[in-house]
4 protein chains.
Amino acid sequence: MTQSVLKAAILGASGYTGAETVRLLRNHPKVEVVAATGNALAGKRLSEIFPHLSGAYDLDVVTSDDVRWDEVDVAFGCLPHGTSQDLIETLPSHVKVVDLSADYRFRDAKAYSAAYGREHLAPERTANAVYGLSELYAEKIAGADLVACPGCYPTAVLLVLLPLMNPLVIDTDTIIIDAKSGASGAGRGLKEGNLFCEVTEGVHAYGVGTHRHTPEIEQELRLMSGDNSVEVTFTPHLIPMARGEMVTCHLRGDADAIHAALVQAYKSQPFVSVLPLGSPPPDTRHVRGTNECRIGVFPDRASGRVIVFGVIDNLVKGSSGQAIQNLNLMMGWDQALGLDVLLPLFP
Amino acid sequence: MTQSVLKAAILGASGYTGAETVRLLRNHPKVEVVAATGNALAGKRLSEIFPHLSGAYDLDVVTSDDVRWDEVDVAFGCLPHGTSQDLIETLPSHVKVVDLSADYRFRDAKAYSAAYGREHLAPERTANAVYGLSELYAEKIAGADLVACPGCYPTAVLLVLLPLMNPLVIDTDTIIIDAKSGASGAGRGLKEGNLFCEVTEGVHAYGVGTHRHTPEIEQELRLMSGDNSVEVTFTPHLIPMARGEMVTCHLRGDADAIHAALVQAYKSQPFVSVLPLGSPPPDTRHVRGTNECRIGVFPDRASGRVIVFGVIDNLVKGSSGQAIQNLNLMMGWDQALGLDVLLPLFP
Amino acid sequence: MTQSVLKAAILGASGYTGAETVRLLRNHPKVEVVAATGNALAGKRLSEIFPHLSGAYDLDVVTSDDVRWDEVDVAFGCLPHGTSQDLIETLPSHVKVVDLSADYRFRDAKAYSAAYGREHLAPERTANAVYGLSELYAEKIAGADLVACPGCYPTAVLLVLLPLMNPLVIDTDTIIIDAKSGASGAGRGLKEGNLFCEVTEGVHAYGVGTHRHTPEIEQELRLMSGDNSVEVTFTPHLIPMARGEMVTCHLRGDADAIHAALVQAYKSQPFVSVLPLGSPPPDTRHVRGTNECRIGVFPDRASGRVIVFGVIDNLVKGSSGQAIQNLNLMMGWDQALGLDVLLPLFP
Amino acid sequence: MTQSVLKAAILGASGYTGAETVRLLRNHPKVEVVAATGNALAGKRLSEIFPHLSGAYDLDVVTSDDVRWDEVDVAFGCLPHGTSQDLIETLPSHVKVVDLSADYRFRDAKAYSAAYGREHLAPERTANAVYGLSELYAEKIAGADLVACPGCYPTAVLLVLLPLMNPLVIDTDTIIIDAKSGASGAGRGLKEGNLFCEVTEGVHAYGVGTHRHTPEIEQELRLMSGDNSVEVTFTPHLIPMARGEMVTCHLRGDADAIHAALVQAYKSQPFVSVLPLGSPPPDTRHVRGTNECRIGVFPDRASGRVIVFGVIDNLVKGSSGQAIQNLNLMMGWDQALGLDVLLPLFP
């Protein structure tokens, strides 16, 4: 069986997505974590940085130079946007890459630069990278060497919207996405806005009219619809919770048609549940810790308006879980391998 | 000075709005709380029900029958929707009423019945009651004997929208309000959905397409605009925090014109602040415990779309604070009397 | 393999411990949940009561009369204290019972009555029930038909203290336990004190000097030490979090000796970790969602005083997880079966 | 009246205690804030750093060099421990100082160095500084030019313990203090441990056996009792809340005698409430935002043991509120001036 086990390296193991990837891989029958890299924290044990992993993992964090890359089959890129490519571009070509950063999400390197403020090291590679929205692009992912996992918000938004774009069942002039996220979406970085006292007991919007996930969302909607004029309003809010992400999509269309399109799209998918019409609204608590996306469709009082909710755990379906799902697809395994063991932690 | 002090009774002192009214009146120089009513809890001291008030108030909770109404000048109605009118309609006519429930908010008793599921006891009185949105209807409030305070959501929504309706600076076909509230908005009642474990660390919508504040909002928008076809999408979400309410209004129009109309409307108002264009988004934390509403206007990336945020403390500007502001207006006092002492509690 | 799968019924599936037992059994290779009982909620689907379980379980909640008991091998008692025995005493004798309530924790039915305020239906049975503290009483549990799982606080307290009692390495005159628990410890019942607004952003003690877990703790300490005069101060506090429980034990003794006794007691145990001396204090976050208990030993500045912390997830090791661990022991299976898949959810 | 208004400078206005001092002074009839200093943030408006203060204050943050000290009567030291003295020692002698840091709390500069790891600039001045526990040392504070406000924990602990020390009504060999604090006690500094995701939904101890407030507490207990051997166990825990602090004091003595001593000590004090025996335990929520300390005394089941709780708002009575109370005492004003307007914000 040894030969069938893939050796994985975690690039950037000191952040939340790094730790979450490690947590999830513990139950994966065909992947073994053999290396965890970090810069500032190289030399520490992973369990010192994340005491909740002690007992489960006995790894030292090392610099990427100290990894024996010839023994690594796949790398999970858990580094910040803009620095992920610097390491990924140096990896030997036999190493498959599942990148969780934004660095390879844009087909157009200029769009990337506009959003993330740096030149891309490898414009051609990003042009050919596969956008890893597992349910929608499984076929392309299957053959890929480099998969760029979607941002957490785009994951939830696109799972709701892409099945509505072709054939089109909504009005593309009035797509409004009001999003809510817990604080782990901002990572473990030291910023005043992430302090407990600045997050608890309040709510505020951020990145209004300027968030970098907007062009990412629009890229995919345009590709799917073939209509380059599609644009969305995307307004995220920070909610006093650690995990969880909800997108409230205010749409125009017919609720039944929208619901039918979504049911059809996900009827065979293990990780996307479209709630029956008339169900209570989905709740981020109901997917916490799992790779599930739940979607609920509601007609508004006002005729022709529909509200569609999508909820995910931003650290699982929104990053590390989908990354593993993508690896499963890349390897031709059951996409649920190692992920179906998760049930939501409630309360 | 005795003769200038108004004697107030709190109807329904065992809920959060009752306790908050009492808290706020403690610093009011011209009002004294002389009675606090309750049914189930009659016979207890108010400080047993709300230990945080011990020291400040030494009142017994009594049944309404035990109040000496000839010694009461004003009653604050802090009872649940649907039961408030039952008591208010029995009060002697010399008692001025500031009602915080929904019972007198609708000009049309049938609209009330449709939303709240009971016949109104006094259709004529509700038809003539004054809708107590202090900043917009100060003149009518000044002469009123019965003021119906707006719901918490309508307060924030209408402070944002009413100044945009006449002259009209937004497209009335596409008003979408995505609202977020803390748990105190649901009161102190024992419902599973209000338990700590069901509220913490998650977010979900409720009343989607059906919330009772929608017809209340539409009533006022239609009156102000003179256009009876105005309708809104109103979608509230429950946020894991005790206090605070935010309305995210997705509008079509010109951001500068919208901002200018709001600045003009509130330039002399002590409790509504319109943030300069370019400011960070307003935060419910910045108004916690105060009677302030903060409004921020943001142009979207997508041309012609504008996002306007309004934040309030639902228990102050959204209920008890605005009630006192209305009493001040009714009495011809400075509307800020007793309320300007409050600064937000942050963090 | 079918014949080796145990059929389990959950008694009282509408509370948090019921739902948690169901969640944990989903990954158990040798147990299948075939029935879930409830009174008020009979007739509903389990996934209506707990939407987070939808997809995983497709069970109806039924009354206990509607369970086909001849097809049930084991019952998990997740009913409230005082009502659990009423159902358990009616079960056919072939049904093994793992009870999570307090009803069979006391050897002495009079001690039970004193603490829980009702006569015991089956004093003899409670006298012979096995106290299911898995690590300490594995042998007795192995042969039992009825195991009474310890209370959540006693679980954490006794895991810390029992290994110190015989031989005695602490002063039994000065055992002070200052405990902290999240709100799920109080269950899903509708009480004002469990409302979000009454739990968030504050801390208070409860049951001071009178908590019912004190005699339970003392029963076990006295049995282990053989000293019937052992008494403890036990003071629990409610913390604004859903899950997690910490006991801070203020002891007199030698830190090294205490640490050594604990290391020795748990060196082969999969679910109790004694942190090395000098480690950071254990954190409830580090065991969330798992069956682990972490223990940390700290010498005080003041000579001869030692502080020992124990942390658990009250819904797992403190109730449902330990219950499954006990079933594993009763059946002669690996005690970690179905439980070792869990890694803590952090953050 | 102008001449009676004191001009105040806030040293270090960019932290939580700085902002809280400013908030509280807004309602003080005899103090005006004329300057706010900061280093990194000099040049910004105070309301940019703390948007909740916009509208209330229109101050620029400046470096201390840019303050016109001849126009300043009193300085509130809100700087971090160890840096406060560097600025305070440069102030002109006419400026009265109320310091909120630890820099002048120790009579013995060596004890300070041992606890805070730096040499004291002014050992003689610290030896003569007045320890500003308002209720206990009002007379000394009245004549002081420099008052060192107690730490937040010592404030709560000493309000409970000092009245029990002389005459002695407790056993001084077994004083165990188990403390709980919200995250604002750690300030606004950027540390991983203060991030929302690291604080929410969990509890852990810190500074076990080593916290710097222990020698401060012991200094005062020894001075009051005259017994230099008094020592305490002090174990603080971080609780997921922004404000609030509770000390659970596990003592030996007679509950009635302890209660009587506390009642006697505070019978004329406006800010310390000793709850009647038999009351529910005090709750940090009940003092939030106020200068009140509430104390509750409970006999344990175990004979001769008593649990005494003290709760405060760490940012008010535990720092900025007590600082203003001390200024009032220094000036010979009513100690409650500007502070009695506060009622707790609940929920």
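Located above this text is the structure these notes cover.
All of the points below concern the structure found in this document.

So, how was this worked out
- Residues numbered from 1 in each chain as written.
- Chains lettered and ligands numbered in written order.
- Predicted model: local features only at pLDDT ≥ 70, side-chain atom pairs only at ≥ 80, totals over all residues.
- Heavy atoms only, no water.
- Salt bridge = Lys/Arg side-chain N within 4 Å of Asp/Glu carboxyl O.
- Helix = DSSP H or I, 4+ residues; strand = E, 2+ residues; numbered from the N terminus.
- Buried < 20%, exposed > 50% of the residue type's maximum accessible area, 1.4 Å probe, protein only.
- Pairing = 2+ DSSP bridges.

**Details of the pattern of salt bridges**
Oppositely charged side chains can pair when the atoms bearing their charge come close.
Next, step 1: The final tally for this structure, using the stated rule, is 84 salt bridges over all chains.
Next, step 2: The salt bridge partner of Glu216(B) is Arg105(B), with a shortest N-O separation of 3.3 Å. Remark: Arg105(B) occurs in the loop between strand 5 (96-99) and helix 4 (109-116) and Glu216(B) occurs in helix 9 (residues 213-225); sequence separation between them is 111 residues.
Next, step 3: Given a relative accessible area of 0%, Glu216(B) falls into the buried group.
Next, step 4: Given the relative accessible area of 3%, Arg105(B) is considered buried.
Next, step 5: Among the salt bridges present, the one from Glu198(C) reaches Arg188(B), with a minimum N-O distance of 2.8 Å. With Glu198(C) in helix 8 (residues 196-199) and Arg188(B) in the loop between strand 8 (175-181) and helix 8 (196-199), this pair bridges two chains. Here the two residues Glu198(C) and Arg188(B) agree in accessibility, since each one is buried.
Next, step 6: Shared partners join several salt bridges into a network, and the residues in it are Glu20(A), Arg23(A), Arg243(A) and Asp313(A).

**Examining the pairing of strand 5 (residues 96-99) of chain D**
Residue and element names in this part refer to chain D.
Next, step 1: Pairing analysis gives four bridges linking strand 4 (residues 74-77) to strand 5, with the strands arranged parallel. Its bridge partner lying in strand 5, Ala75 is registered against Val97.
Next, step 2: Sheet analysis places strand 5 next to strand 7 (residues 146-148), joined by three bridges and oriented parallel. Across the sheet, the residue bridging to Asp99 is Ala148, located in strand 7.

**Considerations on unusual backbone geometry**
Next, step 1: Omega for the peptide link from Phe346(A) to Pro347(A) comes to -5 degrees, which places this bond in the cis form.
Next, step 2: Note on placement: Pro347(A) falls in the segment after helix 11 (316-331).
Next, step 3: Of the consecutive residues Asn166(C) and Pro167(C), the connecting peptide bond is found in the cis state with omega at 5 degrees.
Next, step 4: Position of Pro167(C) among the secondary structure elements: in the loop between helix 7 (152-161) and strand 8 (175-181).
Next, step 5: In this structure, Glu201(A) is a non-glycine residue whose phi angle is positive, near 55 degrees.
Next, step 6: In this fold, Glu201(A) is placed in the loop between helix 8 (196-199) and strand 9 (204-205).

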